[in-house]
Amino acid sequence: MALKMDNSFNTQNEDLRLGRTNAHLFHRQIRDRLLKRIEPILFDEYWDSWQIVKEFEASFSDTMGYSFVSTVQSGSAGLRLCLESLGLKQDDEVITVANSDLATTAAISQCGGKIVFCDINPQDYCIDVEKIETLITQKTKGIIAVDMYGLIADGKRIREIADQHGLFVLEDATLSLGGTDCGFPVGHFADAAVFSTCPYKPFESAGGGGIIVTNRQEIWEKVEILKGFGMKPNTGGSLPIRYDHIAEGYNLKMLPFEAAVLLEKLPFLKQWSNNRRLIGKKYKEKFRQEPAIQCPNIREESEPIFRMYPICVPERDLLFDRLCSKGVKASLHYFPPVHMQSVYRDMKIRGSENLTETESVANQLICLPSDPLMRDEDISYISEIILEHIRR
């Protein structure tokens, strides 16, 4: 059965559609709405502009089904704020993966914790749940599960392991906003989850931003305190402001400009997520008769979205060069894995010696464009280049 994508925002510029994001094309389509939303930030009272952030948080909660929502400066800031709110202390160990962005591991170190690496499942590039318990010690405080490329870590199983050992679960969902797991919005099984709205993410603002979601009010309250200079939540919710700092916090709030852009784009998020899923299915159809191309194997209980569509191929670097020469903005995420980068290379991080699958995948994986504004002909064009590479 043929798969069809609902795409109401086609443009005539074919080359731009092969990039990692076509957000600027969509911004042109809703130009008047964006300008109307941004105008009060520039020309109304400064206080009023900050209410746009609260409006976005409420709309996001209602639209996506999260109990408590706190917007922050970036996904990186969100990870650190969550770790502090979850009680990470000096020398506490946190288990995570090495094929993620440095932001994941840096948040652990910057809070005084110790990184412990777990290998990945080569089928979906997420943490291998079968290997987590072998890494747990008396020093282990929590697990950071990373939804790689928009594929979703096995949250239910990770939650079970964490509960057995009294650990927290933080979901680095910076690449998977719009996905579901066992019928629930991504992040449901974690104590908290963090999304990124920075450029090239599935739900991107104009410059940067992050969103923290949780079902636990006490975590939300701690995040609100820490991100807002250490003030009590809602202390500054109405005039006159009464300052009451109860912690040494940070200035890590989302800016009104970013919230305004996201508010106008929020009604389209679910359709974009569906489009990304459909693009993944179309790529898989194109490659299904070519055994040299390994497509991700998706858990039946999950509905991922694809920030970009990851495949493993032989002679990956040659394919990358060829795609780039043909105008296709493919990417190598995340290469090399963080344990092999300069910042960690000379450190003895526990688990680094047992990352066979992580290192193998890193040398073969390439990410293909999966922007929701792509057309069928874009997918066909990219697929033919790849299939020709394999057949040669």
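Residues numbered from 1 in each chain as written. Predicted model: local features only at pLDDT ≥ 70, side-chain atom pairs only at ≥ 80, totals over all residues. Heavy atoms only, no water.

**Q** Would you mind showing me how to read the overall build of the protein here?
**A** When helices and strands are tallied, the protein shows 13 helices and 12 strands. Over its C-alpha trace the protein gives a radius of gyration of 21 Å, about what one expects of a compact globule, namely 21 Å for 392 residues. Dimensions of the protein, computed from the C-alpha atoms along their principal axes, are close to 70 × 55 × 40 Å. Contacts in the protein between residues at least 24 apart in sequence constitute 71% of all its contacts with a sequence separation of at least 6. Counting only carbon and sulfur atoms, one obtains 48% of the accessible surface of the protein, whose full area is about 17700 Å². Where the 46 positive side-chain charges of the protein centre and where its 55 negative ones centre are 2 Å apart. (Helix = DSSP H or I, 4+ residues; strand = E, 2+ residues; numbered from the N terminus. Rg over C-alpha atoms; globule rule 2.2 N^0.38 Å. Contact = heavy atoms within 4.5 Å. Areas by Shrake-Rupley, 256 points an atom, 1.4 Å probe, with all protein chains shown as cover. Lys, Arg positive; Asp, Glu negative; His and termini not counted. Charge placed at Lys NZ, Arg CZ, Asp CG, Glu CD.)

**Q** So what exactly am I meant to see when it comes to a negative patch on the surface here?
**A** A grouping of Glu-39, Asp-44, Glu-45 and Asp-48 is seen on the molecular surface, where their side chains present a negatively charged patch. Mapped onto the fold, Glu-45 is located in the loop between α2 (31-43) and α3 (46-64). (Patch = residues over 30% accessible without salt bridge, like charges linked within 9 Å, V, L, I, M, F, W, Y side chains within 5 Å. Salt bridge = Lys/Arg side-chain N within 4 Å of Asp/Glu carboxyl O.)

**Q** Would you mind going over the packing of helix α4 (residues 75-85) against helix α7 (residues 217-227) with me for this structure?
**A** Two quantities define a packed helix pair, namely the angle between the axes and the distance from one axis to the other. One can describe the packing of α4 onto α7 by two numbers: an axis separation of 9 Å at closest approach and a directional angle of 120°. It follows from the interaxial angle that α4 and α7 lie oblique. Like other packed secondary-structure pairs, α4 and α7 cross with a definite hand, here right-handed. Contacts between α4 and α7 involve Leu-81, Glu-84 and Ser-85 from the first element and Ile-219, Lys-222, Val-223, Leu-226 and Lys-227 from the second. Of the residues contributing to the contact of α4 with α7, the split by class is four nonpolar, one polar and three charged. (Axes fitted to C-alpha atoms, helices over the stretch in contact; angles between N-to-C directions. Parallel < 35°, antiparallel > 145°, perpendicular 65-115°, else oblique. Left-handed = near helix turned anticlockwise from the far one by under 90°. Nonpolar A, V, L, I, M, F, W, Y, C, P; charged D, E, K, R; others polar.)

**Q** Which parts of the structure should I look at to understand helix α9 (residues 269-287)?
**A** For an α-helix the count is 3.6 residues per turn, leaving residues at separations of three or four pointing the same way. Given a rise of 1.5 Å per residue, 19 residues ought to cover 27 Å, and the 27 Å separating the end C-alpha atoms of α9 matches this to within 8%. Those residues of α9 that fall on the buried side of the exposure criterion are Leu-269, Trp-272, Ser-273, Asn-275, Arg-276, Arg-277, Leu-278, Ile-279, Gly-280, Lys-282, Tyr-283 and Phe-287. (Expected span 1.5 Å × (residues − 1). Buried < 20%, exposed > 50% of the residue type's maximum accessible area, 1.4 Å probe, protein only.)

**Q** Quick question: what am I supposed to make of empty space enclosed by the protein here?
**A** Over the atoms, a rolled probe matching the size of one water molecule traces out where space is still vacant. Throughout the structure, instances matching the rule amount to three cavities of 30 Å³ or more. If you add up the space inside the largest cavity, you get close to 100 Å³. Along the wall of the largest cavity there are 14 residues; nearest its centre are Ala-23, Glu-204, Trp-272, Asp-371 and Pro-372. Residue classes in the lining of the largest cavity are distributed as seven nonpolar, two polar and five charged. (1 Å grid on protein atoms, 1.4 Å probe; cavity = no way out; pocket = protein on both sides within 12 Å on 5 of 7 lines; lining within 4 Å. Points joined across faces, edges and corners; volume = space filled by probe spheres on them.)

**Q** Is there a simple way to think about the state of the cysteines in this case?
**A** Disulfides are covalent bonds that connect the sulfur atoms of two cysteines. By the definition in use, this model includes zero disulfides. A disulfide-free cysteine, Cys-324 has its sulfur positioned 12 Å from the sulfur of Cys-367, the nearest such atom. Assessed through its relative accessible area of 38%, Cys-324 is described here as partly exposed. The closest cysteine sulfur to the non-disulfide-bonded Cys-367 is located on Cys-312, 9.2 Å from its own sulfur. (Disulfide = S-S within 2.5 Å.)

**Q** Is there a simple way to explain the side chain of Ser-61 in this structure?
**A** Along the polypeptide, Ser-61 turns up in helix α3. Its relative accessible area of 17% is what places Ser-61 among the buried residues. At 2.4 Å, the side chain of Ser-61 forms a polar contact with the backbone oxygen of Tyr-66. Those residues in contact with Ser-61, other than ones at most four positions away along the chain, are Tyr-66, Ser-67 and Val-69. (Polar contact = N/O pair within 3.5 Å; in protein donor to acceptor, adjacent residues only side chain to side chain.)

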